[in-house]
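For reference, the chains in residue letters:
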Amino acid sequence: MSDQPFNKSSQRATLRAAIDREISDTPLSSLISASEELSENYRLSRSPDGRIIHNDNHRLAYLASRMPATFEAGSAVLKEISRQLPGIGVHSLLDLGSGPGTMAWAAIEIFPELEALTLIERDAGLISIGRRMGTGTPIESSLWLQMDISRSPELPESDLVVASYSIGELDEKARKSVYLSMLGAARIIGVIIEPGTGRGFGMIKEARSFLIEKGAWIIAPCPH
(Lines give C-alpha, C1' and ligand atoms only; values in the text may rest on other atoms or scores of the structure.)
Protein backbone atom coordinates (compact mmCIF):
# COMPACT_ATOMS: atom_id res chain seq x y z
CA MET A 1 0.00 0.00 0.00
CA SER A 2 1.04 3.61 -0.40
CA ASP A 3 2.89 5.08 2.58
CA GLN A 4 1.32 8.50 1.96
CA PRO A 5 -1.05 9.73 4.68
CA PHE A 6 -4.69 9.06 3.86
CA ASN A 7 -7.70 10.01 5.92
CA LYS A 8 -10.25 7.20 5.60
CA SER A 9 -12.90 9.29 7.36
CA SER A 10 -12.99 11.61 4.33
CA GLN A 11 -13.25 8.76 1.82
CA ARG A 12 -16.45 9.96 0.20
CA ALA A 13 -15.15 13.51 -0.19
CA THR A 14 -11.90 12.22 -1.67
CA LEU A 15 -13.78 10.03 -4.13
CA ARG A 16 -16.12 12.86 -5.08
CA ALA A 17 -13.16 15.17 -5.74
CA ALA A 18 -11.48 12.50 -7.89
CA ILE A 19 -14.67 12.06 -9.93
CA ASP A 20 -15.06 15.82 -10.36
CA ARG A 21 -11.51 16.10 -11.68
CA GLU A 22 -12.16 13.44 -14.30
CA ILE A 23 -15.43 14.87 -15.60
CA SER A 24 -14.66 18.59 -15.26
CA ASP A 25 -13.80 19.14 -18.95
CA THR A 26 -16.84 17.28 -20.30
CA PRO A 27 -20.00 19.27 -21.14
CA LEU A 28 -23.00 18.41 -18.99
CA SER A 29 -25.09 17.70 -22.08
CA SER A 30 -22.61 15.04 -23.19
CA LEU A 31 -22.66 13.41 -19.75
CA ILE A 32 -26.45 13.35 -19.69
CA SER A 33 -26.69 11.84 -23.17
CA ALA A 34 -24.03 9.22 -22.38
CA SER A 35 -25.70 8.41 -19.05
CA GLU A 36 -28.98 7.74 -20.85
CA GLU A 37 -27.19 5.46 -23.32
CA LEU A 38 -25.48 3.69 -20.44
CA SER A 39 -28.77 3.09 -18.64
CA GLU A 40 -30.26 1.65 -21.82
CA ASN A 41 -27.24 -0.63 -22.29
CA TYR A 42 -27.56 -1.92 -18.71
CA ARG A 43 -31.28 -2.49 -19.19
CA LEU A 44 -31.07 -4.33 -22.49
CA SER A 45 -27.55 -5.85 -22.41
CA ARG A 46 -27.63 -5.83 -26.20
CA SER A 47 -23.90 -6.12 -26.89
CA PRO A 48 -22.84 -9.59 -28.16
CA ASP A 49 -19.72 -9.52 -25.96
CA GLY A 50 -21.62 -8.35 -22.88
CA ARG A 51 -19.97 -4.93 -22.82
CA ILE A 52 -21.98 -2.06 -21.40
CA ILE A 53 -19.40 0.71 -21.76
CA HIS A 54 -18.26 1.44 -25.31
CA ASN A 55 -16.52 4.85 -25.33
CA ASP A 56 -14.94 7.58 -23.21
CA ASN A 57 -18.22 9.42 -22.67
CA HIS A 58 -19.76 6.22 -21.31
CA ARG A 59 -16.83 5.88 -18.92
CA LEU A 60 -17.22 9.43 -17.66
CA ALA A 61 -20.98 9.01 -17.39
CA TYR A 62 -20.36 5.93 -15.24
CA LEU A 63 -18.19 8.01 -12.90
CA ALA A 64 -20.77 10.78 -12.62
CA SER A 65 -24.00 8.79 -12.41
CA ARG A 66 -23.17 5.31 -11.15
CA MET A 67 -19.88 5.17 -9.29
CA PRO A 68 -21.08 7.03 -6.14
CA ALA A 69 -24.13 4.76 -5.76
CA THR A 70 -22.06 1.65 -6.48
CA PHE A 71 -19.56 2.77 -3.85
CA GLU A 72 -22.36 3.19 -1.30
CA ALA A 73 -23.81 -0.25 -2.08
CA GLY A 74 -20.42 -1.90 -1.78
CA SER A 75 -19.64 -0.02 1.41
CA ALA A 76 -22.94 -1.17 2.96
CA VAL A 77 -22.21 -4.81 2.11
CA LEU A 78 -18.66 -4.69 3.47
CA LYS A 79 -19.86 -2.97 6.65
CA GLU A 80 -22.35 -5.79 7.18
CA ILE A 81 -19.60 -8.37 6.69
CA SER A 82 -17.46 -6.52 9.23
CA ARG A 83 -20.42 -6.50 11.64
CA GLN A 84 -21.22 -10.19 11.22
CA LEU A 85 -17.59 -11.34 11.22
CA PRO A 86 -15.75 -8.92 13.51
CA GLY A 87 -11.99 -9.13 13.44
CA ILE A 88 -11.81 -11.32 10.32
CA GLY A 89 -8.57 -9.63 9.25
CA VAL A 90 -8.94 -8.70 5.58
CA HIS A 91 -5.39 -7.98 4.41
CA SER A 92 -5.88 -8.53 0.68
CA LEU A 93 -8.60 -7.80 -1.87
CA LEU A 94 -9.25 -9.27 -5.31
CA ASP A 95 -11.89 -7.37 -7.30
CA LEU A 96 -13.31 -9.08 -10.39
CA GLY A 97 -14.60 -6.59 -12.92
CA SER A 98 -13.33 -3.67 -10.88
CA GLY A 99 -14.22 -0.86 -13.27
CA PRO A 100 -12.29 2.22 -12.09
CA GLY A 101 -11.75 0.67 -8.64
CA THR A 102 -15.09 1.36 -7.01
CA MET A 103 -15.01 -1.52 -4.52
CA ALA A 104 -11.39 -0.80 -3.65
CA TRP A 105 -12.45 2.67 -2.49
CA ALA A 106 -15.10 1.05 -0.27
CA ALA A 107 -12.80 -1.69 1.04
CA ILE A 108 -10.02 0.59 2.24
CA GLU A 109 -12.60 2.49 4.25
CA ILE A 110 -14.06 -0.59 5.97
CA PHE A 111 -10.89 -2.67 6.45
CA PRO A 112 -8.02 -0.46 7.68
CA GLU A 113 -5.74 -3.52 7.80
CA LEU A 114 -5.96 -3.95 4.01
CA GLU A 115 -2.49 -4.16 2.49
CA ALA A 116 -2.77 -5.59 -1.04
CA LEU A 117 -5.26 -4.77 -3.79
CA THR A 118 -5.56 -6.71 -7.04
CA LEU A 119 -8.06 -5.24 -9.49
CA ILE A 120 -9.11 -7.15 -12.61
CA GLU A 121 -10.83 -5.22 -15.39
CA ARG A 122 -11.05 -5.87 -19.15
CA ASP A 123 -11.56 -2.23 -20.19
CA ALA A 124 -8.21 -0.47 -20.54
CA GLY A 125 -9.88 2.95 -20.43
CA LEU A 126 -11.43 2.28 -17.01
CA ILE A 127 -8.08 1.04 -15.72
CA SER A 128 -6.40 4.28 -16.82
CA ILE A 129 -9.11 6.33 -15.13
CA GLY A 130 -8.90 4.23 -11.95
CA ARG A 131 -5.15 4.68 -11.72
CA ARG A 132 -5.44 8.46 -12.05
CA MET A 133 -8.24 8.68 -9.51
CA GLY A 134 -6.30 6.61 -6.99
CA THR A 135 -3.27 8.89 -6.95
CA GLY A 136 -2.45 9.86 -3.37
CA THR A 137 -4.58 7.06 -1.87
CA PRO A 138 -3.80 3.43 -1.00
CA ILE A 139 -5.29 2.52 -4.40
CA GLU A 140 -2.20 4.06 -6.02
CA SER A 141 -0.21 0.92 -5.23
CA SER A 142 -2.88 -1.51 -6.49
CA LEU A 143 -2.02 -4.23 -8.99
CA TRP A 144 -4.26 -3.72 -12.05
CA LEU A 145 -4.71 -6.63 -14.44
CA GLN A 146 -6.43 -6.25 -17.81
CA MET A 147 -8.29 -9.54 -18.07
CA ASP A 148 -11.70 -10.99 -18.90
CA ILE A 149 -12.93 -12.62 -15.69
CA SER A 150 -15.00 -15.17 -17.63
CA ARG A 151 -11.81 -16.50 -19.24
CA SER A 152 -9.68 -16.63 -16.10
CA PRO A 153 -10.45 -19.90 -14.28
CA GLU A 154 -7.44 -19.58 -11.98
CA LEU A 155 -7.34 -16.40 -9.93
CA PRO A 156 -4.77 -15.16 -7.39
CA GLU A 157 -5.80 -15.92 -3.82
CA SER A 158 -6.95 -13.08 -1.58
CA ASP A 159 -8.66 -12.79 1.79
CA LEU A 160 -11.63 -11.01 0.21
CA VAL A 161 -12.79 -11.69 -3.36
CA VAL A 162 -15.46 -9.41 -4.81
CA ALA A 163 -17.57 -9.40 -7.98
CA SER A 164 -19.64 -6.22 -7.88
CA TYR A 165 -22.09 -5.52 -10.72
CA SER A 166 -19.92 -7.61 -13.05
CA ILE A 167 -21.38 -11.13 -13.37
CA GLY A 168 -24.62 -9.71 -14.78
CA GLU A 169 -22.76 -9.08 -18.04
CA LEU A 170 -21.99 -12.82 -18.41
CA ASP A 171 -23.99 -15.79 -19.66
CA GLU A 172 -24.87 -18.65 -17.29
CA LYS A 173 -21.88 -20.84 -18.19
CA ALA A 174 -19.43 -17.98 -17.69
CA ARG A 175 -21.10 -16.95 -14.42
CA LYS A 176 -20.72 -20.43 -12.96
CA SER A 177 -17.08 -20.49 -14.02
CA VAL A 178 -16.57 -17.22 -12.12
CA TYR A 179 -18.37 -18.57 -9.01
CA LEU A 180 -16.05 -21.58 -8.99
CA SER A 181 -12.97 -19.42 -9.48
CA MET A 182 -14.06 -17.15 -6.63
CA LEU A 183 -14.52 -20.15 -4.35
CA GLY A 184 -10.97 -21.27 -5.07
CA ALA A 185 -9.46 -17.80 -4.67
CA ALA A 186 -11.21 -16.57 -1.49
CA ARG A 187 -9.17 -17.34 1.62
CA ILE A 188 -11.83 -15.89 3.92
CA ILE A 189 -14.88 -14.58 2.10
CA GLY A 190 -16.34 -13.95 -1.36
CA VAL A 191 -18.90 -11.25 -2.17
CA ILE A 192 -21.23 -10.96 -5.15
CA ILE A 193 -23.26 -7.77 -5.59
CA GLU A 194 -25.94 -7.30 -8.26
CA PRO A 195 -28.79 -4.81 -8.79
CA GLY A 196 -31.95 -5.24 -6.72
CA THR A 197 -33.98 -6.28 -9.76
CA GLY A 198 -35.68 -9.57 -10.50
CA ARG A 199 -32.83 -10.55 -12.78
CA GLY A 200 -30.17 -9.41 -10.32
CA PHE A 201 -31.74 -11.31 -7.42
CA GLY A 202 -32.09 -14.34 -9.68
CA MET A 203 -28.33 -14.35 -10.22
CA ILE A 204 -27.71 -14.05 -6.48
CA LYS A 205 -29.98 -17.06 -5.90
CA GLU A 206 -28.17 -18.92 -8.67
CA ALA A 207 -24.78 -18.17 -7.09
CA ARG A 208 -26.03 -19.16 -3.64
CA SER A 209 -27.30 -22.55 -4.82
CA PHE A 210 -24.19 -23.24 -6.88
CA LEU A 211 -21.77 -22.35 -4.08
CA ILE A 212 -23.66 -24.35 -1.46
CA GLU A 213 -23.46 -27.38 -3.75
CA LYS A 214 -19.69 -26.84 -3.93
CA GLY A 215 -19.36 -26.77 -0.13
CA ALA A 216 -19.32 -23.05 0.61
CA TRP A 217 -20.80 -21.56 3.78
CA ILE A 218 -23.22 -18.70 3.14
CA ILE A 219 -23.65 -15.76 5.54
CA ALA A 220 -26.21 -14.01 3.28
CA PRO A 221 -28.71 -14.20 1.76
CA CYS A 222 -30.56 -16.91 3.71
CA PRO A 223 -27.73 -18.48 5.76
CA HIS A 224 -27.92 -22.25 5.59
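Please read all numbers here as calculations on a predicted model, not as lab measurements.

Attention now goes to the sheet that holds strand β5 (residues 186–193). Taken in spatial order, the five strands make up an open sheet running β3-β2-β1-β4-β5, and their pairing is parallel. Unpaired on one side and paired on the other, β3 (143–146) and β5 mark the two borders of the sheet. Going across the sheet, the axis of each strand differs from the next one's by a mean of 15 degrees, ignoring polarity. As judged from the six bridges shared by strand β4 (residues 158–164) and β5, these two strands associate in the parallel manner. Within β5, the residue paired with S164 across the bridge is I193. Here helix α5 (residues 102–110) sits on the sheet in contact with β1 (92–96), β2 (116–121), β4 and β5, set at roughly 155 degrees to β1.

Let's shift gears to helix α6 (residues 124–133). Along α6, the residues that are buried comprise L126, I127, I129, G130 and M133. Angularly, the buried residues of α6 cover 165 degrees about the axis, an arc narrow enough to put them on a single face. Buried residues in α6 make contact with α1 (11–23), α3 (56–65), α4 (67–84), α5, β2 and β3. At the N-terminal boundary of α6, the capping side chain belongs to D123, with an oxygen 2.9 Å from the backbone nitrogen of G125.

Attention now moves to the side chain of E194. On the secondary structure map, E194 appears in the loop between β5 and α8 (198–213). Polar contacts involving the side chain of E194 include one to the main-chain amide nitrogen of G168, which spans 3.3 Å. For E194, the contacting residues outside a window of four places in its chain are Y165, S166, I167, G168, G200, M203 and I204.

Mapped onto the fold, E22 is located in helix α1. Overall, the relative accessible area of 16% leaves E22 in the buried class. With 134 residues separating them in the primary sequence, E22 and P156 have C-alpha atoms 30 Å apart. Excluding anything up to four places from it in sequence, E22 contacts L60, L63, I129, R132 and M133.

It is worth spelling out the packing of α1 against α6 at this point. Two elements in contact, α1 and α6, have axes whose closest approach is 10 Å; the angle formed by their N-to-C orientations is 125 degrees. By the angle class used here, α1 and α6 are oblique. The element α1 and its partner α6 pack so that their crossing is right-handed. Taking contact as the criterion, the partners of L15, A18, I19, R21 and E22 in α1 are, on α6, I129, R132 and M133. Here the contact of α1 with α6 is composed, by residue class, of five nonpolar, no polar and three charged.

Time to look at the nonpolar core. A general tendency of soluble globular proteins is for nonpolar side chains to be buried together. In this structure, L63, L78, L93, M133 and L160 are the most contacted members of the largest nonpolar core, which totals 41 residues. Setting aside chain neighbours within four positions, we find M133 in contact with L15, A18, I19, R21, E22, L63, M67 and W105.

Reading the values: rules and limits
- Along each chain, residue indices are assigned from 1 in the same order as the chain's sequence is written.
- Reporting in this predicted model follows two pLDDT cut-offs: at least 70 for local features of residues, and 80 or more for side-chain atom pairs to be given and counted; totals over whole chains, interfaces and linings ignore these cut-offs and use all residues.
- Excluding hydrogens and water, the side-chain figures rest on all heavy atoms present in the structure.
- Strand pairing is assigned whenever DSSP detects at least two bridges linking the two strands.
- Helix and strand assignments follow DSSP, with helices taken as H or I runs no shorter than four residues and strands as E runs no shorter than two, numbered in order from the N terminus.
- Throughout, an axis means a line fitted to C-alpha atoms (over the contacting stretch in the case of helices), and angles, computed between N-to-C directions, take values from 0 to 180 degrees.
- Note on definitions: a residue-residue contact is assigned when non-hydrogen atoms from the two residues lie within 4.5 Å.
- The classification of residues rests on relative accessible area computed with a 1.4 Å probe and restricted to protein chains. Under 20% of the type maximum is buried, over 50% is exposed, and intermediate values are partly exposed.
- Taken from the helix axis, the directions to the C-beta atoms give the arc we talk about.
- Within 3.5 Å is the distance limit for a polar contact, defined as a pair of N or O atoms, with the added protein rule that one can donate a hydrogen and the other accept it, and that residues adjacent in sequence qualify only through two side-chain atoms.
- In these notes the angle categories are as follows: under 35 degrees is roughly parallel, over 145 is roughly antiparallel, 65 to 115 is roughly perpendicular, and the rest is oblique.
- Less than a right angle of anticlockwise turn of the near helix away from the far helix marks a crossing as left-handed, whereas a clockwise turn marks it as right-handed.
- The residue classification treats Ala, Val, Leu, Ile, Met, Phe, Trp, Tyr, Cys and Pro as nonpolar and Asp, Glu, Lys and Arg as charged. All others, Gly included, are polar.
- As used here, the term nonpolar core means buried Ala, Val, Leu, Ile, Met, Phe, Trp, Tyr and Cys residues forming a set that is joined through side-chain atoms within 4.5 Å.

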